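Observations on the three-dimensional arrangement
Take a look at the letters that make up each chain.
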Amino acid sequence: MEEQLKQLQDEAVMKAAAAQDLKELNDVRVAYLGKKGPVTEVLKGMGRLSAEERPKMGALVNVVREAITKAIETKQVSLESEAIQKQLAEESIDVTLPGRPVKLGGPHPLTRVTEEIEDLFIGMGYTVAEGPEVEQDYYNFEALNLPKGHPARDMQDTFYLTPELLMRTHTSPVQVRTMLKHEGKGPVKIICPGKVYRRDSDDATHSHQFNQIEGLVVGENIRMSDLKGTLDAFAKKMFGPDREIRLRPSFFPFTEPSVEVDVSCMCGGKGCSICKGTGWIEVLGAGMVHPNVLEMAGFDSTVYSGFAFGMGQERIAMLKYGVDDIRHFYTNDLRFLQQFSVHE
Amino acid sequence: MFVSYKWLSQYVDIADQTPEELAEKITRAGIEVEGVEMPAAQMKGIVVGYVKSREQHPNADKLSKCLVDVGEEEPVQIICGAKNVDAGQYVAVARTGAVLPGNFKIKRAKLRGEESNGMICSLSELGIESRLNPKEYAEGIFNFPNDVTPGEDALAALNRDDAILELSLTPNRSDALSMMGVAYEVAAILGRDVKLPEPNPNEAGEPASEAIQIRIDAPEDNPLYIARVVKNVKIGPSPLWMQTLLMNAGVRPHNNVVDITNYVLMEYGQPLHAFDLDRIRTGEIVVRRAEEGEKFVTLDDAERTLSADQLVITNGKEAVALAGVMGGANSEVNDHTVNVLIESAYFDGQIVRNASKAHGLRSEASARFEKGVDPSRVQAACDRAAELMAEYAGGTVLSGRVVAGEYAPEPKKVSITLDRLNTRLGTELQMGGVEDIFSRLKFETETKNDEITVTVPTRRGDITIPEDLTEEVARLYGYDHIPLTLPEGESLPGGLSPYQLGRRVVRRYLEGAGFNQAVTYSLTSEKRAAQFALEVREPVALAMPMSEERAYLRESLLPHLVEAAAYNSARQMGSVALYETGSIYLNEGKNVQPKEEERLAGIITGIWQEHLWQGEKKAADFFTVKGVIEGAAARLGLTDRLSFQKATPEGFHPGRTAAVLFDEQPVGVIGQLHPSLAKEVDLKEAYLFELKLDVLLNAARVDLAYTPIPRFPSISRDIALVVDSTVEAALLETIIKEAGGSLLTNIHVFDVYEGDRMEAGKKSVAFALTYVNPDKTLTDDEVTAVHEKVLAALKEKANAELRA
Ligand SMILES: [Zn+2]
């Protein structure tokens, strides 16, 4: 009996080790340890043994059973591991093949510039004011100290619809409308982005439609130095902390004094093709709001003063991104637009 | 305005300033110098030569063989092609080794077998534009008058060694339209004196008033008219220095009398006119408004028809000049002129503008009158011209001036307090410093306590209010010296309005969904103005468009988006997804501002999704666009308020287009571009959408509040319905929703089948329905009860059967 058990154990362990797959191994388990298997049979036959022999035999059966179980388990781990290895090998892919594309669009470069400037001034406490693109002559010109027949109207060749209606030539009428809403009470702190129109033939540097952002601050004791400080902060945020600004006297009918504002060139003043060797790039027009403009908009010009500035998004985008032809902004060539899908 | 450095130096000491330094200082003080031209810098080796002999070139009809004295022992032989070359002329010679503009090098050469040691030059070869050359030399070589010596520097003799500053003047600074005006500006910048001419012509003979009488019949238009008479002039060329300075100032020399009037015009900024006194015939000048339809031949030999808003100078019978614009052919100075009448007048800017505009005659004179001349210079300019004519035209200046009218406006006085000046600029200037700036400008000032009162000379008509004084101080003090500060006082919270934020949300959504943003033109052609428009009105037109393509205001963003897609498609970029946000303009009647509405539009064509090596390729279709719109609505929290209804608007595929409704009101359109239109622009299947963005953004006010996640399990039921082919899914959905009540929380189509396995005229639509009770676990029985109701309603309202 003892020998029979030993033999069974050897046989089972051998068969388990030889199993080719999990099914064969399971067959071994059923054959030797199953309800009808020989080990169970041995246990069933224990009734016939004497009381002394019985525990001895029981212990032996357990040893045999454990040995077989262990052999099967060991083999099972090894077979399972092999199976996984095989599966993984089969599932292997070429990771260098292209991924499934996620469609990526992006904003127009003019929108990028507009929103960047908006955010920059919002951070300085400005709100964004908007207004109609078809304007009354009054808001576009007269309320801005440009009465009919004023020679400076020639500076802005205008698309008229009727003698009283026109395509706005700047976003300044939005400033006028905003000031009127304030009914003579400051402070006013706005920027006005939007499309504007001039009677220009389209070429590399001119466009009959373009964009402007103008700013306006009206309050008690607003100073020229505030304008300078504000635009200096703008230039540093927009173009880089080492940039500087320079004011040159100029003329606009709606501001007095009026200045052109240059930003130092990225060449650091050495002179390059962008700044035409001067080290400075003209970027903005600005000035102190003309008292006539304040008065026409309902503000007491002895109490209130203000500054205004304006710039063109096309020009800024051209400088910032190195775009060489203004018409690119309106052609909507995907090879152009898609370059601006990248986060900066 | 072209400013000659040499000419300017007559009035202000600039010897220690290089032209470039001067230009930079002028620019920084307020008048932009656009460029500094130094003609001599591009040339060398050009001397005065004397043509000793000229003979025909033995082998060439059109060439001359000249022996030219160039100041050396032996004359040199030069072959010259100019028709007007001749012995006895003083000419400009580019010697062998010389350089002319454009880096043109002169070499010893053999021309048809004859040696040539240099080149005899025309003025344009020396860099003077031919439109500025005196007429007699415009087609050939230039001849010096006899006061030059062979061998001397020809460029110096021609004032080509000058520097020419090109000033770009803003409309307010017409005071700088004269050498004297520029001199005042430069003197102020450098803190120097100005030296002005003090004309004092030698008078002789009878009083001028015996030669001419003057009457003004339109004193509003012409408050002051001063004349002088110069007798026995000899018409001829003006001195070389005058001719060359005029050319440097951009004025073409003619003869001594005309050149002198132009010289004084440039010097004083006061336009003058020289009449041939004898050709006036009546001995009388009458200034009056032109008659309507009056004919007049100007000195360019063109007959002009005048109107009553123009001013003429007459001899009492007929017009002899169009005031301030151009003289008449009947009275102009010519080679036979002996006696000259010099006119110096103050004409109103508007009356001159009327005439110059009507006849398209913009001249140096009219430009100055239009901007307003300095009334205090009218008399001095007249005297100056008379003095110069006596000297350079050999004339006799008759005694006295003939004056009609009177115009001597008082100089304006403008005051400002030091405090106001400093608070406007953000500076801490002292009164002494401010006074110094005005004294540099040669403005008289008076200071009382804190207030300075400035007497503004009539030459500076642009200064009228205290802010103008602020500007003068700021620009001469220097903007670089103004500190950097930020506005003080109440600080405001900045930010975007909810509408503006919503617009950005929509843009980012579409960009994330794969669209590139386009920006197209608002102006369009008549044909496109109302194409695809949600609301068609008579398009708003420009009064004077520049082209037919840009003559009307658009009523839809779509036409230009279609154009952009076609542009890309024609360049091997057949897969396009573009969107735009922008205004459209709706006519509200003549002289009423059009209604501007902000729209969101887009176009998709070509492949929408592709992953080629795995065999995936999905073309854009109607449902691509619809999904994008539904996503946008979801982003804005408007999902339940949007619906779609089959529609057949013009320009779209009649079977694949829907009106988009918002709260049951039309708010947009989505659909396929009509195939015949697509074909016209070489586009394949393309899908469009346009939505009233303003309506959607104004409605999109989501107050976000958390809804608890259901704690109880949901139960799903799928149903496949057989209905008539014409029944729309939306109808079935509405029926299911109504009948399902509050327990039905979700419903979606998961299958549509129409084909062989269906009865003709029938289709199958399968829905997945989800039931949840937020308060307790649903039992099967409860769901079945509701579900039965749903099926009954479908049967009743849509004749829908459960698919077997
Ligand atoms: Zn540079």
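Residues numbered from 1 in each chain as written. Chains lettered and ligands numbered in written order. Predicted model: local features only at pLDDT ≥ 70, side-chain atom pairs only at ≥ 80, totals over all residues. Heavy atoms only, no water.

**A closer look at the overall build of chain A**
Helices and strands together make up the secondary structure of chain A, namely 12 helices and 10 strands. Rg of the C-alpha trace for chain A: 43 Å, well past the compact-globule value of 20 Å for 344 residues, more than 25% over. If you line up chain A on its principal axes, its C-alpha atoms span 130 × 45 × 45 Å. Out of the 344 residues belonging to chain A, those deemed buried represent 54%. For chain A, the accessible surface area stands at approximately 16000 Å², while carbon and sulfur atoms represent 53% of it. Here chain A holds 40 positive side-chain charges and 50 negative ones, and the gap between their average locations is 6 Å. (Helix = DSSP H or I, 4+ residues; strand = E, 2+ residues; numbered from the N terminus. Rg over C-alpha atoms; globule rule 2.2 N^0.38 Å. Buried < 20%, exposed > 50% of the residue type's maximum accessible area, 1.4 Å probe, protein only. Areas by Shrake-Rupley, 256 points an atom, 1.4 Å probe, with all protein chains shown as cover. Lys, Arg positive; Asp, Glu negative; His and termini not counted. Charge placed at Lys NZ, Arg CZ, Asp CG, Glu CD.)

**Describing unusual backbone geometry**
Of note, the amide linkage connecting glycine 186 of chain A to proline 187 of chain A takes the cis form, showing an omega dihedral of -10°. Here proline 187 of chain A is to be found in the loop between α7 (172-181) and β5 (188-197). That bond from glutamate 256 of chain A to proline 257 of chain A is cis: its omega, -5°, falls within 30 degrees of zero. Positive phi is not limited to glycine here, since asparagine 103 of chain B has a value of about 55°. Among the structural elements, asparagine 103 of chain B can be located in the loop between β6 (90-100) and β7 (104-105). Of note in the backbone geometry, asparagine 591 of chain B takes a positive phi value of approximately 65° without being a glycine. By the element assignment, asparagine 591 of chain B lies in the loop between β31 (576-586) and β32 (595-605).

**Overview of the pairing of strand β22 (residues 340-346) of chain B**
Residues and elements named next belong to chain B. Taking burial as the measure, the 7 residues of β22 include 7 buried ones, the bulk of the element. Burial along β22 is two-sided: the face carrying Val340, Ile342, Ser344 and Tyr346 and the face carrying Leu341, Glu343 and Ala345 are both buried. With 7 bridges connecting them, strand β14 (residues 224-231) and β22 associate as antiparallel partners. Residue pairing in the sheet places tyrosine 225 in a bridge with alanine 345 of β22. Looking at chain direction, strand β15 (residues 272-276) and β22 are connected through 5 bridges and run antiparallel. Of the residues in β22, the one forming a bridge with histidine 273 is glutamate 343. (Pairing = 2+ DSSP bridges.)

**Some thoughts on the sheet that holds strand β2 (residues 134-136) of chain A**
Residue and element names in this part refer to chain A. With antiparallel pairing, the 3 strands of this open sheet are ordered in space as β2-β4-β3. Here the strands that pair on one side only, and so sit at the sheet edges, are β2 and β3 (160-162). Across the sheet, the mean angle from the axis of one strand to that of its neighbour is 30°, orientation sign disregarded. (Axes fitted to C-alpha atoms, helices over the stretch in contact; angles between N-to-C directions.)

**Considerations on the coordination of the zinc ion**
Residues and elements named next belong to chain A. Taken together, the protein ligands of the zinc ion are Cys265 (SG), Cys267 (SG), Cys272 (SG) and Cys275 (SG), with distances of 2.2 to 2.3 Å. Relative to the metal, the 4 donor atoms surrounding the zinc ion lie at angles of 99 to 116°, and the coordination shape comes out tetrahedral. Sequence positions of the residues that donate to the zinc ion give the spacing C-x1-C-x4-C-x2-C. For cysteine 272, a relative accessible area of 25% translates into the label partly exposed. (Donors = N, O, S within 2.8 Å, 3.2 Å for Na, K, Ca; no water. Tetrahedral: all angles 85-135°; square planar, octahedral: opposite > 155°, others 65-115°.)

**What to know about the pattern of salt bridges**
Inspection of the entire model under this criterion finds 75 salt bridges over all chains. Its salt-bridge partner being arginine 335 of chain A, residue aspartate 333 of chain A comes within 2.7 Å of it at the nearest N-O pair. The partner of aspartate 86 of chain B in a salt bridge is arginine 54 of chain B, with the nearest N and O atoms 3.9 Å apart. With aspartate 86 of chain B in the loop between β5 (76-80) and β6 and arginine 54 of chain B in strand β3 (residues 44-56), this pair connects stretches of sequence that are 32 residues apart. (Salt bridge = Lys/Arg side-chain N within 4 Å of Asp/Glu carboxyl O.)

**Looking at the UniProt feature "binding site: Mg(2+)" (unreviewed entry) in chain A**
The UniProt feature table records "binding site: Mg(2+)" (unreviewed entry) at Glu256 of chain A. With respect to the helices, strands and loops of the structure, glutamate 256 of chain A is situated in strand β8 (residues 255-264). (UniProt positions renumbered as here; feature names shortened; annotations may be inferred.)

**Considerations on the sheet that holds strand β2 (residues 32-37) of chain B**
Residue and element names in this part refer to chain B. Pairing is antiparallel across the open sheet formed by 3 strands, whose spatial order is β1-β11-β2. Only two strands of the sheet have a single partner each, and these edge strands are β1 (2-4) and β2. Across the sheet, the mean angle from the axis of one strand to that of its neighbour is 30°, orientation sign disregarded. The pairing of β2 with strand β11 (residues 164-168) spans 5 bridges and is classified as antiparallel. Paired with glutamate 32 across the bridge in β11 is serine 168. Each of β2 and β11 touches helix α2 (residues 19-29); the most contacted strand, β2, lies at about 170° to it. (Contact = heavy atoms within 4.5 Å.)

**Some points on the side chain of threonine 455 of chain B**
Residues and elements named next belong to chain B. You can see threonine 455 is positioned in strand β27 (residues 451-456). Taking relative accessible area as the criterion, threonine 455 reaches 17% and is therefore assigned buried. Residues in contact with threonine 455, not counting those within four places in the same chain, are Pro411, Lys412, Lys413, Phe443 and Glu444.

**Looking at the packing of helix α15 (residues 498-512) of chain B against helix α18 (residues 622-635) of chain B**
All names here are of chain B. Where α15 contacts α18, the axes come no closer than 10 Å and their chain directions differ by 140°. Relative to α18, α15 is oriented oblique. Where α15 crosses over α18, the handedness of that crossing is right-handed. On α18, the residues touching Val505, Tyr509 and Leu510 of α15 are Gly627, Val628, Gly631, Ala632 and Arg635. Grouping the amino acids of the contact of α15 with α18 by side-chain chemistry returns 5 nonpolar, 2 polar and 1 charged. (Parallel < 35°, antiparallel > 145°, perpendicular 65-115°, else oblique. Left-handed = near helix turned anticlockwise from the far one by under 90°. Nonpolar A, V, L, I, M, F, W, Y, C, P; charged D, E, K, R; others polar.)

**Some points on the domain arrangement of chain A**
By the assigned domains, chain A splits into domain 1 (2-90) and domain 2 (109-340). Placing the centre of domain 1 of chain A and that of domain 2 of chain A at their C-alpha centroids yields a distance of 91 Å. (Domains from an automatic or database assignment.)

**Details of the UniProt feature "domain: B5" (unreviewed entry) in chain B**
Here the UniProt-annotated "domain: B5" (unreviewed entry) positions come out as residues 409-484 of chain B. Regarding residues 409-484 of chain B, the helix share stands at 39% and the strand share at 22%, and the terminal C-alpha atoms are separated by 41 Å.

**A closer look at the domain arrangement of chain B**
Domain annotation of chain B identifies domain 1 (2-39 + 163-190), domain 2 (44-157), domain 3 (203-405), domain 4 (413-481), domain 5 (498-698) and domain 6 (715-802). On a C-alpha basis, the centres of domain 1 of chain B and domain 5 of chain B stand 55 Å from each other.

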